[in-house]
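Chain and residue survey
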Amino acid sequence: HLGIFDIPLMSNLPELVYLAPTNVEEYFAMLDWSIEQTKYPVAIRMPCNGMIHTSLEVDKDYSNLNKYKIMQKGSEVAILALGDFYQLGEKTADYIEKETGKKPTLINPRYITGLDKELLCELSKTHTKIITLEDGILDGGFGQKIASFYGSSSVKVYNFGLKKEFLDRYNPSDVLKENHLTPEQIAQDIK
């Protein structure tokens, strides 16, 4: 699927597994798994961030649902960078480390339709700030589910995504700046 309104729409359908690949290899692994398994209906977000490849090994089996993948361990700040915004998460983590001297944790959630509650509980023991990044509207999206999970805790959640509006013939870099979706803006917003 391609669009900015899909996450709130599709992530709330019962039994649907909605996946967000971050690179070409992960996309094809998710596609192969979705075709070979017969237990769940599966939707996969279409990557729109270019032909990004990885030399890292990607998982081939996604049947252990809602298990996020820690890509970089850090402390205090955790960045959950979904799908196309994973590379923005990498840049933001680098920028925060450069500015503060502290390495953030970087996570590839992979699953849009569920929460990795075990991992989120573990993060709350060593992290005070959680940043969510999603290539879609914030209202009803992935980040709001994370914020709801941490609602009564002392963990502060910062959701970054797009405002609810129709976009037509737009410059992507202008839209990112308008929505505070550059590493510099994100780092400034969480200070």
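Here, the structure is the one placed above.
The sections below set out a description of the structure shown in this document.

**Quick notes on the nonpolar core**
- Formed by 22 residues in total, the largest nonpolar core has its most connected members in I79, I96, I131, L133, F160 and I190.
- Elements with a contribution of two residues or more to this core: β4 (76-81), α3 (86-100), β6 (127-137), β7 (156-162) and α7 (183-189).
- Per-element tally for this core: the top contributor is α3, with five residues.
- Those residues in contact with I190 that lie beyond four places of it in its chain are V77, I96, K129, I131, Y158 and F160.

**Structural notes on the sheet that holds β7**
- Read across the open sheet, the five strands follow the order β3-β5-β4-β6-β7; overall the sheet is mixed. If you trace the sheet from one side to the other, it starts and ends with β3 (69-72) and β7, each paired once. Between one strand and the next, the sheet's axes are offset by a mean angle of 25°, whatever the strand orientation.
- Judged from the three bridges that link them, β3 and strand β5 (residues 105-108) form a sheet pairing that is antiparallel. Each residue of the ladder has a partner; that of K69, found in β5, is N108.
- Where α3 meets the sheet, its contacts fall on β3, β4, β5 and β6, and the angle it forms with β4 comes to roughly 160°.

**Some words on helix α2 (residues 24-36)**
- Compared with an ideal rise of 1.5 Å per residue, which puts 13 residues at 18 Å, α2 spans 18 Å between its outermost C-alpha atoms and is within 8% of the ideal.
- The elements touched by buried residues of α2 are β1 (17-19), β2 (42-44) and β5.
- Capping the start of α2 is the job of one residue whose side-chain oxygen sits 3.2 Å from the backbone nitrogen of E25: N23.

**Comments concerning the side chain of E134**
- With respect to the helices and strands, the residue E134 is situated in strand β6.
- Among buried Asp, Glu, Lys and Arg side chains, E134 stands out as unpaired, with R45 the closest opposite charge at 7.4 Å.
- The residues contacting E134, other than those within four sequence positions of it, are I7, L82, F85, G141, F142, G143, F160, G161 and L162.

**Structural notes on unusual backbone geometry**
- In this structure, E15 is a non-glycine residue whose phi angle is positive, near 75°.
- Take E15: it is sitting in the loop between α1 (6-10) and β1.

**Here we look at the pairing of β5**
- Of the two faces of β5, the one lined by T105 and I107 and the one lined by L106 and N108 are each fully buried.
- Examined bridge by bridge, β4 and β5 share three bridges and lie parallel to one another. Each bridged residue has a counterpart across the sheet, and for I79 the counterpart in β5 is L106.
- Following the backbone out of β4, through α3 and into the adjacent parallel β5, one traces a crossover that is right-handed.

**Quick word on the environment of P21**
- Here P21 is to be found in the loop between β1 and α2.
- Sequence spacing of P21 and I70 is 49 residues, and the spatial spacing of their C-alpha atoms is 14 Å.
- Excluding residues that lie within four positions of it along the chain, P21 makes contacts with E26, Y27, M30, I44, R45, P47, G83 and D84.

**Quick word on the side chain of T105**
- Turning to its location among the elements, T105 is positioned in strand β5.
- Polar contacts involving the side chain of T105 include one to the main-chain amide nitrogen of G74, which spans 2.9 Å.
- Residues in contact with T105, not counting those within four places in the same chain, are I70, Q72, K73, G74, S75, V77, A78, I79, L123 and H127.

**A closer look at the environment of G143**
- Secondary-structure assignment places G143 in helix α5 (residues 142-149).
- For the pair G143 and K163, spaced 20 residues apart in sequence, the C-alpha separation works out to 13 Å.
- If we skip the residues at most four places from it in the chain, G143 touches T132, E134 and N159.

Rules used in this analysis
Residues numbered from 1 in each chain as written. Predicted model: local features only at pLDDT ≥ 70, side-chain atom pairs only at ≥ 80, totals over all residues. Heavy atoms only, no water. Core = buried A, V, L, I, M, F, W, Y, C linked by side-chain atoms within 4.5 Å. Buried < 20%, exposed > 50% of the residue type's maximum accessible area, 1.4 Å probe, protein only. Helix = DSSP H or I, 4+ residues; strand = E, 2+ residues; numbered from the N terminus. Contact = heavy atoms within 4.5 Å. Pairing = 2+ DSSP bridges. Axes fitted to C-alpha atoms, helices over the stretch in contact; angles between N-to-C directions. Expected span 1.5 Å × (residues − 1). Polar contact = N/O pair within 3.5 Å; in protein donor to acceptor, adjacent residues only side chain to side chain. Lys, Arg positive; Asp, Glu negative; His and termini not counted. Salt bridge = Lys/Arg side-chain N within 4 Å of Asp/Glu carboxyl O. Right-handed = clockwise from strand over helix to strand, strands pointing away.

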